[in-house]
Amino acid sequence: MKPSIPKGTRDFSPEEVNKRNFIFDTIREVFVRYGYQPIETPAMENLSTLTGKYGEEGDKLLFKVLNNGDFLAKADEQALAARDSSQLVSSISKRGLRYDLTVPFARFVVMRQHEITFPFKRYQIQPVWRADRPQKGRYQEFYQCDVDVVGSDSLVYEAELAQIYDEVFAKLGLEVTIKINNRKVLAGIAEAAGIKDAFMDMTIAIDKLDKIGMEGVEKEMQGRGIPEAAIEKVKTILKAKNLEELKLQFTDSQIGLKGVEELESVFDYLGIGESTNEIVFDITLARGLSYYTGCIFEVQAKGVQMGSIGGGGRYDDLTGVFGMPGTSGVGVSFGAERIFDVMEELKLFPEDSATRLKAVFLAFDEASHRYAFRCLRQVRAAGINAEIYPEPTKMAKQFKYVDKRNAPFAVVIGSNEMASGQLAFKNMRTGEQEGLRLEEIIERLREEERI
RNA sequence: GUGGUUGUAGCUCAGUUGGUUAGAGCGCUGGAUUGUGGUUCCAGAGGUCGCGGGUUCAAAUCCCGUCUUCCACCCCA
């Protein structure tokens, strides 16, 4: 048979795994610095945990796991006869692959509410699965790196999460724009325009502003049946350049004012000019996930065509659906795959010296091959990444291998070297070669390590 | 999920209105060079033309289905 992998999934080569680990390590390091603790949850959740949490569209994108055994024997006969897939699902599948890390986290918090100290700060780096149609930067299996705080409504955490975004991308050398908005501001716009009922329709339209322009947004709202007068009001509000101007538009919207105040408070915590990346208020930022209620975040990479590489926000009642009401949470997510793709495109990955092979031992004959293997042991014991060519064949062939492995040094041993103890130490880049004792070689390789 | 797009050697790609044995560059293997890689020269290996069906005397080429890739929509990391 012809080998293949499912659509939207990928294998990773050693080089790619090293690069991905660089991203994960950087993110994890920052999370830990800010006092977040790791948890992990299963790849599979009970379907009942997942369904209904991501809207109707989300349910369609959930991967369902078929029940084991003779699942059809227990299937809903009516649904089966009617060829009604959505009706049938509950009787043939009780589990599904997790769709994000937030909902499993909420489930986790509720199950362990009595052993958790609040505010609980956790991070989680694991893959999630979505049955989306794949595109560039969009996969069916991808890693998310989530940080959330649950059990506090302090806006200091919004500021902290913005700092985490800033710090991680600064460390990765990736220039980004960190956009912040507040769901209450959007609600305020709807309230001020007198279209509270059409909040979702309005939000979806506003979200597309940078893509389709003001005219497009207007058409979109018209198409969604929003009255002309309300559209004019929305357009006026959207022209507000900053939070001060926006405030003036919200004289008759309590919720809108509250949203602006929250944003002011976050920016106050952050201070001015203390970040590496731009952290900006963006009134057009909407985000789909319906459970957001306060501040919302999104990160856009500069200089590349790519969707958002991170997003998140505040949810006042994160754990309510699992029977623990009134607990507020705020968190953000890093999209590792997209960060990888962007960094690859911009060639931002550093030469990885920690995982790099430093030296390869080569030998001319059986006796020196054994001798080389014993030398190798000492080199490795000194903490230097090194290996030996598996057999003493023709030198040209062995050197080609060293070249391919991109190792900076080769140590060549034959009968002369064994007799004198002066091993041939060759710099692969310059081609220079000198006779050195093993201890001297180890010292040289150690110096190299530090560079 | 809707509409479109892509697939030919390990990689990047040619392949005419359907017509002999499907090509190139790079890479790979061997040799020139029996104690030294990268450069050069010579030789060689490597292909179910994504998969399945159909039309035809004849299909990489035309038609249908399917899988995959990418794009737009939807949604999102």
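Visitor: Mind laying out the sheet that holds strand β2 (residues 44-46), listing which residues take part and the relevant values?
Guide: Strands pair in a sheet through their backbones, by hydrogen bonds, and they do so in one of two ways: parallel or antiparallel. Strand order across the open sheet formed by 3 strands is β2-β4-β3, with antiparallel pairing between neighbours. For this open sheet the edge positions go to β2 and β3 (64-65), each flanked by a neighbour on one side alone. Bridge count between β3 and strand β4 (residues 95-97): 2 bridges; the pairing is antiparallel. Counterpart to Val 65 in the pairing with β4 is Arg 95.

Visitor: Provide a residue-level description of the protein's contact with RNA strand B, including the pertinent values.
Guide: Taken together, 41 residues lie near RNA strand B, and Lys 136, Arg 287, Ser 308, Arg 338 and Met 428 sit nearest. A breakdown of the atoms of RNA strand B within 4 Å of the protein gives sugar and phosphate a share of 52%. The side chain of Arg 338 places a nitrogen or oxygen atom 2.4 Å from a sugar or linking oxygen of RNA strand B. Mapped onto the surface near RNA strand B, the elements with two or more residues apiece are β6 (141-150), α16 (395-404) and α17 (415-420). Among the elements that make up the surface near RNA strand B, the one with the highest residue count is α16 (7 residues). For the surface near RNA strand B, a count of residues per class yields 11 nonpolar, 11 polar and 19 charged.

Visitor: How would you summarise the packing of helix α8 (residues 183-192) against helix α13 (residues 254-270) if you had to cite specific residues and measurements?
Guide: Two numbers describe how α8 lies on α13: the axes approach to 7 Å, and their chain directions differ by 155 degrees. It follows from the interaxial angle that α8 and α13 lie roughly antiparallel. By crossing handedness, the relation of α8 to α13 is classed as left-handed. Contacts between α8 and α13 involve Lys 184, Val 185, Ala 187, Gly 188 and Glu 191 from the former and Gln 254, Ile 255, Gly 256, Lys 258, Gly 259, Val 260, Glu 262 and Leu 263 from the latter. When its residues are assigned to classes, the contact of α8 with α13 shows 5 nonpolar, 4 polar and 4 charged.

Visitor: Break down the pattern of salt bridges for me, citing the residues and quoting the values.
Guide: Per the stated rule, a full pass over the model turns up 30 salt bridges. The salt bridge involving Glu 337 is made with Arg 20; its shortest N-O contact spans 2.7 Å. With a gap of 317 residues between them, Glu 337 in helix α14 (residues 336-345) and Arg 20 in helix α1 (residues 14-33) connect regions that are remote in the sequence. In this structure Glu 337 comes out as buried when scored by relative accessible area, which is 3%. With a shortest N-O distance of 3.0 Å, Glu 160 and Lys 121 are connected by a salt bridge. Taken together, the residues span a long stretch of sequence, with Glu 160 in helix α7 (residues 156-172) and Lys 121 in strand β5 (residues 120-129) at a distance of 39 residues.

Visitor: Tell me about the nonpolar core, residues and numbers included.
Guide: Side chains that are nonpolar tend, in soluble globular proteins, to be buried together. Ranked by internal contacts, the top residues of the largest apolar core, which has 91 residues, are Tyr 36, Phe 169, Ile 189, Met 202, Ile 309 and Phe 334. If one sorts the elements of this core by residue count, α7 sits on top with 9 residues. Formed by 19 residues, the second largest nonpolar core is a distinct cluster that contains Cys 375, Ile 384, Leu 436 and Leu 445.

Visitor: Just give me the short version of the confidence of the model for chain A, but keep the residues and values in it.
Guide: Mean pLDDT over chain A works out to 91, with 98% of the residues at or above the 70 mark. Both confidence scores are given for the complex: pTM 0.90, ipTM 0.86.

What counts and how
Residues numbered from 1 in each chain as written. Chains lettered and ligands numbered in written order. Predicted model: local features only at pLDDT ≥ 70, side-chain atom pairs only at ≥ 80, totals over all residues. Heavy atoms only, no water. Pairing = 2+ DSSP bridges. Helix = DSSP H or I, 4+ residues; strand = E, 2+ residues; numbered from the N terminus. Near = heavy atom within 4 Å. Polar contact = N/O pair within 3.5 Å; in protein donor to acceptor, adjacent residues only side chain to side chain. Nonpolar A, V, L, I, M, F, W, Y, C, P; charged D, E, K, R; others polar. Axes fitted to C-alpha atoms, helices over the stretch in contact; angles between N-to-C directions. Parallel < 35°, antiparallel > 145°, perpendicular 65-115°, else oblique. Left-handed = near helix turned anticlockwise from the far one by under 90°. Contact = heavy atoms within 4.5 Å. Salt bridge = Lys/Arg side-chain N within 4 Å of Asp/Glu carboxyl O. Buried < 20%, exposed > 50% of the residue type's maximum accessible area, 1.4 Å probe, protein only. Core = buried A, V, L, I, M, F, W, Y, C linked by side-chain atoms within 4.5 Å. pLDDT = per-residue confidence, 0-100.

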